[in-house]
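This is what each chain is made of:
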Amino acid sequence: MKNQKVAVITGSGQGIGKTLAERLASDGFAIVLSDVKQETLQEAEKEFKEKGFAVTTFVGDVSKLEDQTSLVNHAVDTFGRVDVFINNAGIEGQVAPITEIDPKMVDPVLNINIKGVLFGINAAANQMIKQGTGGKIINACSIAGQEGFAMLAPYTASKFAVKGITHAAAKELAKFKITVNSYCPGIVGTSMWERLDEKMMKYMGTKKGEALAKYAESIALGRIQTTEDVANLVSFLASPNADYITGQNILTDGGMVFN
């Protein structure tokens, strides 16, 4: 346990974040699960312990720097260090034409998706610099951080911001042997995409499931992505095999957006 590396994952009570945590636990990391929902965290923690994984949990709001700092402190208090920090938490926000955007719906997306990443990097980097052994910071970007998507202007804006933050942080932190990269999923079979499908029904005139199926038609590999597909990339980025990779926003979308 003393020499075990430690990974902190925000938004990890369910969905992609939980799968990332499970994969890194299988890779040998001690895991710090973090989410705003205590109930989902408790359920996830129970599952992890039943599998014999070293795990602890922290309830926090990623849009608050004090919560991100407390999350990192909790990881250090519990496991002694932080080696990998994954800024996974994010929300899709409002689905609507740009002419119908509700100002009240914009700030939550920007606060969580942009401030959450900024403050997560701040807290993690300060700890990693203090440790003096480098580290890996991995951010959740999206295909919407590579190409603008209709009906998702605030979300797209937030993910383009993550792309830029990843570049900036990688340049600043390289001298400390801290790499900063992001993963850019496409259409993943999670509750988020189910919500997007339902929200698009109003504007696309579709029935439940049809909007998702329509978007999925553009996937070159012919299937919707699984959370395990995302975890495969993140596992690599968290490993020594990615030590010479930094400042990259890597697509894992089955072939939807091509750079």
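Shown above is the structure to which this text applies.
So, here's what we can say about the structure. Keep in mind that this is a model prediction, so the values were computed, not measured. (Residues numbered from 1 in each chain as written. Predicted model: local features only at pLDDT ≥ 70, side-chain atom pairs only at ≥ 80, totals over all residues. Heavy atoms only, no water.)

**Quick word on the overall build of the protein**
A tally of helices and strands in the protein yields eight helices and seven strands. The C-alpha radius of gyration of the protein comes to 18 Å, within 12% of the 18 Å expected for a compact globule of 259 residues. With respect to the three principal axes, the spread of C-alpha positions in the protein is 55 × 40 × 35 Å. Expressed as a percentage of its 259 residues, the buried residues of the protein come to 52%. Here the protein holds 26 positive side-chain charges and 28 negative ones, and the gap between their average locations is 5 Å. (Helix = DSSP H or I, 4+ residues; strand = E, 2+ residues; numbered from the N terminus. Rg over C-alpha atoms; globule rule 2.2 N^0.38 Å. Buried < 20%, exposed > 50% of the residue type's maximum accessible area, 1.4 Å probe, protein only. Lys, Arg positive; Asp, Glu negative; His and termini not counted. Charge placed at Lys NZ, Arg CZ, Asp CG, Glu CD.)

**Considerations on unusual backbone geometry**
Even without being a glycine, M151 presents a positive backbone phi close to 75 degrees. Mapped onto the elements, M151 comes out in the loop between β5 (135–140) and α5 (153–173). In this structure, K177 is a non-glycine residue whose phi angle is positive, near 65 degrees. Here K177 is to be found in the loop between α5 and β6 (178–185).

**Examining the pairing of β5**
A large share of β5 lies buried, amounting to six of its six residues. Residues G135, I137 and N139 of β5 are buried on one face, and the alternating residues K136, I138 and A140, pointing to the opposite face, are buried as well. In this sheet, β5 lies alongside strand β4 (residues 84–87) in parallel orientation, the contact comprising four bridges. The residue of β5 that forms the bridge with I86 is I138. Crossover handedness for the path β4 to helix α4 (residues 103–131) to β5: right-handed. Looking at chain direction, β5 and β6 are connected through six bridges and run parallel. If you follow N139 over to β6, its bridge partner there is S182. After leaving β5, the chain enters α5 and then returns to the sheet as β6, a path that is right-handed. (Pairing = 2+ DSSP bridges. Right-handed = clockwise from strand over helix to strand, strands pointing away.)

**Focus: the packing of helix α1 (residues 15–26) against helix α8 (residues 227–237)**
The angle between the axes and the distance between the axes are what describe a pair of packed helices. Two elements in contact, α1 and α8, have axes whose closest approach is 9 Å; the angle formed by their N-to-C orientations is 50 degrees. One way to sum up the angle between α1 and α8 is to call them oblique. The two elements α1 and α8 meet at a crossing, and its hand is right-handed. From α1, G15, I16, T19, L20, R23 and L24 reach across to α8, where they touch T227, E228, V230, A231, N232, V234 and S235. Of the residues contributing to the contact of α1 with α8, the split by class is six nonpolar, five polar and two charged. (Axes fitted to C-alpha atoms, helices over the stretch in contact; angles between N-to-C directions. Parallel < 35°, antiparallel > 145°, perpendicular 65-115°, else oblique. Left-handed = near helix turned anticlockwise from the far one by under 90°. Contact = heavy atoms within 4.5 Å. Nonpolar A, V, L, I, M, F, W, Y, C, P; charged D, E, K, R; others polar.)

**Considerations on the sheet that holds strand β3 (residues 55–59)**
Strand order in this open sheet of seven strands is β3-β2-β1-β4-β5-β6-β7, and the pairing throughout is parallel. Each edge of the open sheet is held by one strand with a lone partner, namely β3 and β7 (249–252). Taking the axes of each pair of neighbouring strands and ignoring which way they run, one obtains an average angle of 20 degrees across the sheet. With respect to the sheet, α1 is in contact with β1 (6–10), β2 (30–35), β4 and β6, its orientation differing from that of β2 by roughly 170 degrees.

Any functional reading would require information that these geometric values do not contain.
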